[in-house]
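Report on the structure
Now for the letters of each chain:
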Amino acid sequence: MDETPKKILMFNHEFPPIGGGGGWVSYFLGKHFAAAGHDVHLITSSYGDCPADEEVEGFHVHRVRALRKNPDVCAVHEMLTYAISSSLYGLRFAKQFEPDIVQVFFGIPAGGGAYLLRKFRDVPYVVFLGGRDVPRRNPDPPYYRWLYLLLKPVIRSIWGGASVVVACSDGLRELARETASDVRMDVIPDGLDLSRFEPTLRDPCPKRVRILTIGRLIPRKGFQFLIRALPQIVEDTAHDFEIEIVGDGPYQKELLKLAADLNVAEHIRFAGSVPYSELPQKYRDADIFILPSLAEGMPLVVLEAMGTGLPIAASRVQGIEELVAEDVNGALFDPGDADGLARSLVKLINAGKGRVEMGKASVERVEPYDWKHIADAYLALYVDILGE
């Protein structure tokens, strides 16, 4: 029997143009699976005027009915509509497609369809963990604490039915083991397109140090702590600087008000959403990248920033300490610590030539994370599963 998967079915409630990094993970894996000769189909959420069926980079995207209003944020009840629709669609579609293996992105809400296919058609599946789909003690938003309590039995069942659960970082795997210690969990990191996110030469002494951050404008991304740190940053650095925030979301009004109340609005520019094709230039125009998140899995934006040669100031969330080393290619602070954030950013703003050297170290550290290598790791895992 040929143990190489010919037909791969994927479930993800988010896929560009909706969602965040997890959607792009399924995009890049689907693209590379298809380029390797596999027949790949993804079941995702409908949104706006996106076509119900289309071919993207050689693989097929099917959008099922889901009540999603916002491209950046998905409410719990909206996830539930996808969970139901995708499970029913997946059962019907699998009869004609006959997948060899199923790849799930986020056990909740995407795992139901895969669980049913394993139960009724004996199709093995792999679950990708991205971050907020893993129960934690102090979640954001806080009401997730009760949601995790309610869903833990479902999460354990979906993880337990998987051939392998894949975390995108060691830290996320350790967190997941607190929920299900008896499940096989491997680590395969997220990646980046090294041909798209290339390094550029930077001036160690620019007239204005440009600081970039990218993410959905929601509390979990921690932009409020970045703004609260600005008065201290302004006081402690002699260099002119500007922070550009790329992204949209429901938290923007609160962030604008906070910046105005602290009298630091002149140092911040809200750029709104930017097409993915324009992001490489955003990174190349910057001198520093900052990630102030409260929780992540392995943030794609940090990988992309490193690929373009940026030093990183980041909170110590899952996946970060595998990418960023203090005084090697950046500076670290605790999540939610505005004072620590200020010290880290001041260090990089004032670093001059050292900042450029840190950026070069970022390029060296990110080279193993090319998406082709990551996709090959998943395909090797599938071969092992089918061989068993």
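This write-up is about the structure you can find in this document. Chains are numbered independently. Their residues run from 1 in the order of the written sequence. For this predicted model, a pLDDT threshold of at least 70 governs which residues receive local features, and a threshold of 80 or more governs which side-chain atom pairs are given and counted, while totals over whole chains, interfaces and linings are taken from all residues. To obtain the side-chain values, all non-hydrogen atoms of the structure were included, while hydrogens and water were left out.

This brings us to the side chain of Ser 293. Runs of H or I in DSSP of at least four residues are treated as helices and runs of E of at least two as strands, each being numbered from the N terminus. With respect to the element layout, Ser 293 can be found in the loop between strand S12 (288-291) and helix H9 (300-307). Looking at Ser 293, its side chain comes within polar contact range of the side chain of Glu 296, at 2.7 Å. Among all residues touching Ser 293, those that are not within four sequence positions of it are Arg 220, Lys 221, Gly 222, Ser 315, Val 317 and Pro 335. Identification of polar contacts relies on pairs of N or O atoms within 3.5 Å, with a donor-acceptor requirement for protein atoms, meaning one able to donate a hydrogen and the other able to accept it, and with residues adjacent in sequence counted only if both atoms are side-chain atoms. Whether two residues touch is decided by their heavy atoms; if any such pair falls within 4.5 Å, the residues are in contact.

Turning next to the pattern of salt bridges. A pair is scored as a salt bridge if a Lys or Arg side-chain nitrogen falls within 4 Å of a carboxyl oxygen belonging to Asp or Glu. Following the criterion strictly, the structure yields 20 salt bridges and no others. A salt bridge links Asp 170 to Arg 173; the shortest N-O distance between them is 3.5 Å. With Asp 170 and Arg 173 both in helix H5 (residues 170-177), this residue pair falls 3 residues apart, about one helical turn. Exposure remark for Asp 170: the relative accessible area of 37% places this residue in the partly exposed category. The structure contains a network of salt bridges with shared partners spanning Arg 208, Asp 240, Glu 242, Glu 244, Arg 269 and Lys 282. Type-normalised accessible area, obtained with a 1.4 Å probe on protein chains alone, sets the label of each residue: buried when under 20%, exposed when over 50%, and partly exposed for intermediate values.

Reading across the sheet, the 6 strands line up as S11-S10-S9-S12-S13-S14 and stay open at both edges, with parallel pairing between neighbours. What marks the edges here is a single partner per strand, and that holds for strand S11 (268-272) and strand S14 (330-333). Strand after strand, the sheet turns through a mean of 20° between neighbouring axes, direction not considered. Pairing between two strands requires that DSSP report at least two bridges joining them. Note: strand S13 (residues 312-315) against S14, 4 bridges, orientation parallel. Bridge assignment links Ala 314 to a residue of S14, and that residue is Leu 332. Each of strand S9 (209-214), strand S10 (241-246), S11 and S12 touches helix H6 (residues 223-236); the most contacted strand, S10, lies at about 175° to it. Only the contacting stretch of a helix is used when fitting its axis, a line to C-alpha atoms as for every element, and angles between N-to-C directions run 0 to 180 degrees.

This part takes up the packing of aromatic side chains. Only the six-membered ring of Trp is used, alongside the rings of Phe and Tyr, when aromatic pairs are assigned; centres must lie within 6.5 Å, and planes under 30 degrees apart are stacked while those over 60 apart are edge-to-face, with the rest tilted. A full pass over the atoms with the stated rule returns 17 aromatic pairs. Here Trp 24 and Tyr 27 contribute two aromatic rings whose centre-to-centre distance is 5.1 Å and whose plane-to-plane angle is 80°, an arrangement assigned as edge-to-face. Of this pair, Trp 24 and Tyr 27 both sit in helix H1 (residues 21-35), 3 residues apart, roughly one helical turn. The buried category is assigned to Tyr 27, whose relative accessible area is 8%.

So, on to the sheet that holds strand S2 (residues 39-45). The pairing of strands in a sheet comes from backbone hydrogen bonds and takes either a parallel or an antiparallel form. Ordered by their spatial adjacency, 8 strands build an open sheet running S3-S4-S2-S1-S5-S6-S7-S8, and the pairing between neighbours is mixed. Strand pairing shows two members of the sheet lacking a second neighbour, strand S3 (53-56) and strand S8 (185-187), which therefore form its edges. Taking the axes of each pair of neighbouring strands and ignoring which way they run, one obtains an average angle of 25° across the sheet. Bridge count between strand S1 (residues 7-11) and strand S5 (residues 101-105): 4 bridges; the pairing is parallel. Each residue of the ladder has a partner; that of Ile 8, found in S5, is Ile 101. Against the sheet, H1 contacts S1, S2, S3, strand S4 (59-64), S5 and strand S6 (125-129), and its axis sits at roughly 145° relative to S4.

Turning our eyes to something else, we now look at a nonpolar patch on the surface. Within this analysis, patches are made of residues with over 30% relative accessible area and no salt bridge. Like charges are joined at 9 Å or less; nonpolar side chains (Val, Leu, Ile, Met, Phe, Trp, Tyr) at 5 Å or less. Method for areas: the Shrake-Rupley scheme with a 1.4 Å probe, in which residue coverage is limited to the protein chains shown. Where nonpolar side chains cluster on the molecular surface, the patch consists of Leu 80, Ile 84 and Leu 88 and spans about 290 Å² of accessible area. Take Leu 88: it is sitting in helix H2 (residues 76-97). Taking the relative accessible area as the measure of exposure, Leu 88 reaches 48% and is therefore partly exposed.

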